[in-house]
Structures are given as C-alpha cells and as structure tokens.
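Topology and contacts: notes
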Amino acid sequence: MDISHRVIVVGAGPVGLCLSLALAQAGMQVCLIEALGEDNFLEQVPRAGTNHPATLELLERIGLYDKLEPRGIIAPLVHYWDRRENRLIAEFDHGLLKDDTRFPYVLQCERIKVVEEALKLAQAHPNIEVRLSTTFASFAQDADGVTGRVINAAGEGETMRGAYLVSAEGARSIVRKELGIAFEGFTYPDRTLNIEVAYDFRKHGYTERNYISDPDEWSNLFHWKGPPDRWRVHFPTEPSEDPEALQRPEALQARLRKFLSSARDYDIVGSNLYTVHQRVAKKFRGGRAILAGDSAHVNSPIGAMGMNSGVHDAFNLADKLLKILRKEAGEDLLDRYERQRRHVAVQHTQAETIRNKRRLAEKDPAVRRRNHDDLRRTAEDPKLARAFLLRTSLIESLREAEQIA
Ligand SMILES: Cc1cc2nc3c(=O)[nH]c(=O)nc-3n(C[C@H](O)[C@H](O)[C@H](O)COP(=O)(O)OP(=O)(O)OC[C@H]3O[C@@H](n4cnc5c(N)ncnc54)[C@H](O)[C@@H]3O)c2cc1C
C-alpha cells in the first residue's frame, strides 16, 4: 500500500474529526480510529459546547457549520454576574467583532452534536476509513512512516500504516505517554459539579452564557437547545465531599434552590462531576507522531477554550501536513506547528482559564470589587470591550500565532 498520502488519526472527538475532514477534503487518505462504536458513540457525558467565532469560520470551511447552526443557539451576548449581590456586572456583545469575523457571536452547540454531525460527514467521505469500535494500543515509527497497533471491532490485534500519526485521543493520550512527553501543570483539588436543568433562566435576566462570581460558590450558567431545552449550571465542590452524596436528587435540588429559590422542584435532566486539569505537553510531537487537542493540552472549561483551541490545532496541523505530504515543505514545518500552538496553549488558553477561575472564586472583598470595576469599565468602553472579546474568543491567539515563524 502507498502510504505517502495517508494519515492515521486516533480519536473521533471534535479534533480528530475536524482534522480528518480537512485532510480528506484536500485529497489525502485518512484512517480514523475510534474506540467507541455505533452503539455507544452518542452516549458520551456532556462536555464542551460553546463555539467561538474563529472556530465557526473553520467549521464552515469543512461544511460543518451549516449542519450545526440549526441544532444550536446563536448567542451574541455574554454576562458576568455578582452572585453575592445578585447583580449584573458586565454585558459584552460579540456584535463589536463584526469587522473582525463573519460570525460575530458564539454558537451554543454541544460537543456531542458536533461529533455526531462531523462523524456523518466523515463516514460519507470516500477518503476517510472510519474504524469505530477500534482501540488504539501502541505504535512504532521508521524513516518512511508509522505503524499503529489496534484492537479491532472483532477483538483482534491489527496493524495499520500511515505517513504520520496524529494523537487526538484526548487527555489520556497513549501516544503522548509512549513518546515519554511530560504533561506539565496541575490538577485542581476540587471537582466541578454540572447540573443540567430544564428551566428558562432568562426570566431572571440571565443571557445564554453567564459567568457568576461568588466567594463561596461561583457558578457558570449556559443555555442549550433541546429537546428538552436545557441549561447547564456549574458549581464548585469540596475535595472531601462524597461524589455519590453530591449527586443525590435532593442534594442537586438544594443546590439549585440555593442558587435561585423556587417553590417547585427543578426539572433536572442530568448531572455529572468532573476533575479539572491545567496541563500542557512539553512537546507536541515526536518524529512522525503529533499531538493535537486535549492530548496536547487540557484546561478548565471556564471560558470555553478546550474544544475551541483543539479545533484550532486541527486546522493549523492540517494545513502543514498537506504541504508536507505534497512535498511542498519539509517535516520541520511541524516544529512551527508546535511553536505556534504551544504558545497559544501556554500564553492564552492556560493563562485565560486560570485567570477566569480565580476571578469567579475570589474571596478578598477588595480584590473582588477591583475585578468587578475593571469588568464594568471594560464593557462600557467599546474599544476596550472589543479588545476583551478578541482575547476571550481566541481571535487574538490566532493572530498572534500567525506572527510566530
Ligand atoms: C465538563 C466539561 C465541559 C467543557 N466545556 C467546554 C466548553 O464549553 N468549551 C470548550 O471549548 N471546551 C470545553 N471542554 C473541553 C472539551 O470537551 C475538550 O477540550 C474537547 O472535547 C477535546 O477534544 P479532543 O477531540 O481533543 O478530545 P476528546 O473530545 O476527548 O475526544 C477523544 C476521542 O478519542 C477517543 N479515544 C480515546 N482513547 C482512544 C483509544 N485508545 N483508541 C481509540 N479512540 C480513543 C475517545 O473515545 C474520544 O472519542 C469541557 C470539558 C469538560 C470536561
């Protein structure tokens, strides 16, 4: 088999799927390996869901945006609230980015819808061999390519060859571990509780995306299109709290009631508890094996940057792999991928998400007041507000990466 134009992609998450589609649509062959099968692919826990403007431009390039828009909510506004005083601190309107992007809004569209629609496109594409129910196990590389070892749907060991291997298998990347690449950073001791509830919080002044600061119990509140129409509410928990007790129906009701009192029980659609890591891989590649998305960097969801920055990795990498596979550039172009995307991961995604969490959870009253005054002033000045939105929507990170040689 001629493998000179063939790439093995591990993981049909948003990153692996976007990369596969971008490569295949440009004429390359892709073998996409995914451990989940037709029977359980749609049973994944709720995760990302806010798609920033720059990401929407990329999703449009591979024909995915048109599939997602009808399934999502167009949300131009984002709110910052002070829960202690039950007060809106600042409202930012992505409309201020109308000269910076064709999409001056975010699309609230959950990761599961993104991967469902992208998988359909991948399965319909003649250049992509989608291998579901296939678990990647290990790999070896030589001067010409990479050999991946998998356990296939029949439970048998199998090998496959490609010119390059991309690890888009998420935070537990086997490829990263086999390459011996350190995943530097830290893990927060407290876990975040996510409650999905069918209740319209707009009645109380909230918008589709809300970040709510509180010294005792910060939260995030996001709206998703149904059925059933749902809101996701995030709360911090104490490291010592029992996961089972935290998710008992009466405990979930009590938390929601404390957040917003209600005479009736809330209609809770689901809940889950997750640990938050802030980590970046020391290197993004070892020879012909390359890391992208969560396998290269993970961060707190406050700011909605994980999936977005992962998708940005995918398109950056696709452009470079295409040049290399077409022999228009040497393999050292992949070093630029690492320089650009590692810079974004450390200087933008990590910095911004750590700052976001600190701002929401701040306990010192003087610092809280200063933070809130800053946000208010920024939102009130269109120039400052535009600069704020360019940063939070990751447009600035893409522009900065372009300047990196
Ligand atoms: C609760 C929560 C909320 C979040 N909210 C946001 C948000 O609002 N916005 C945002 O941008 N990000 C958010 N994130 C982060 C976001 O979900 C991730 O950054 C994103 O899903 C990463 O995409 P990925 O494709 O790199 O990896 P994943 O989405 O993790 O996909 C990896 C895929 O690889 C497969 N796989 C794994 N191991 C193997 C193997 N050995 N063989 C074969 N297949 C394998 C998995 O089954 C999976 O399909 C959130 C995360 C969490 C936990």
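Here we summarise the structure given alongside this text. (Residues numbered from 1 in each chain as written. Predicted model: local features only at pLDDT ≥ 70, side-chain atom pairs only at ≥ 80, totals over all residues. Heavy atoms only, no water.)

Our focus in this paragraph is the overall build of the chain. When you go through the chain residue by residue, the secondary structure sums to 12 helices and 20 strands. Taken over C-alpha atoms, the radius of gyration comes to 21 Å for the chain, in line with the 22 Å a tight globule of 405 residues would show. Seen through its principal axes, the chain has C-alpha atoms that stretch 65 × 45 × 40 Å. Out of the 405 residues belonging to the chain, those deemed buried represent 56%. (Helix = DSSP H or I, 4+ residues; strand = E, 2+ residues; numbered from the N terminus. Rg over C-alpha atoms; globule rule 2.2 N^0.38 Å. Buried < 20%, exposed > 50% of the residue type's maximum accessible area, 1.4 Å probe, protein only.)

Position of isoleucine 112 relative to the elements: it lies in helix 4 (residues 111–124). For isoleucine 112, a relative accessible area of 25% translates into the label partly exposed. Spatially, the C-alpha atoms of isoleucine 112 and phenylalanine 41 are 8.9 Å apart, while their sequence positions differ by 71 residues. With residues near it in sequence (within four places) discarded, isoleucine 112 still touches Phe41, Leu42 and Gln44. (Contact = heavy atoms within 4.5 Å.)

Let's shift gears to the pattern of salt bridges. Scanning all chains against the criterion turns up 38 salt bridges. For the salt bridge of arginine 71 with glutamate 116, the shortest nitrogen-to-oxygen distance reads 2.9 Å. You can see arginine 71 sitting in the loop between helix 3 (65–68) and strand 4 (73–75) and its partner glutamate 116 sitting in helix 4, a full 45 residues away along the chain. Linked by salt bridges that have partners in common, Arg83, Glu217, Glu241, Arg255 and Lys258 make up one network. (Salt bridge = Lys/Arg side-chain N within 4 Å of Asp/Glu carboxyl O.)

Further remarks concern the nonpolar core. Leu23, Leu165, Leu317 and Leu321 are the most contacted members of the largest nonpolar core, which has 73 residues in total. At 10 residues, helix 8 (residues 306–325) tops the list of elements feeding residues into this core. Other than its neighbours up to four places away in sequence, leucine 23 contacts Val7, Met28, Val30, Ala318, Leu321 and Leu322. Membership of the second largest hydrophobic core comes to 21 residues, among which are Ala54, Ala304, Leu375 and Leu390. (Core = buried A, V, L, I, M, F, W, Y, C linked by side-chain atoms within 4.5 Å.)

What follows covers the side chain of glutamate 362. Note that glutamate 362 resides in the loop between helix 9 (333–361) and helix 10 (365–380). Buried and unpaired, glutamate 362 has no salt bridge, with arginine 358 as the nearest side chain of opposite charge at 6.4 Å. Looking at glutamate 362, its side chain comes within polar contact range of the main-chain nitrogen of aspartate 364, at 3.1 Å. Setting aside residues up to four positions removed in sequence, glutamate 362 forms contacts with Pro215, Val367, Arg368 and Asn371. (Lys, Arg positive; Asp, Glu negative; His and termini not counted. Polar contact = N/O pair within 3.5 Å; in protein donor to acceptor, adjacent residues only side chain to side chain.)

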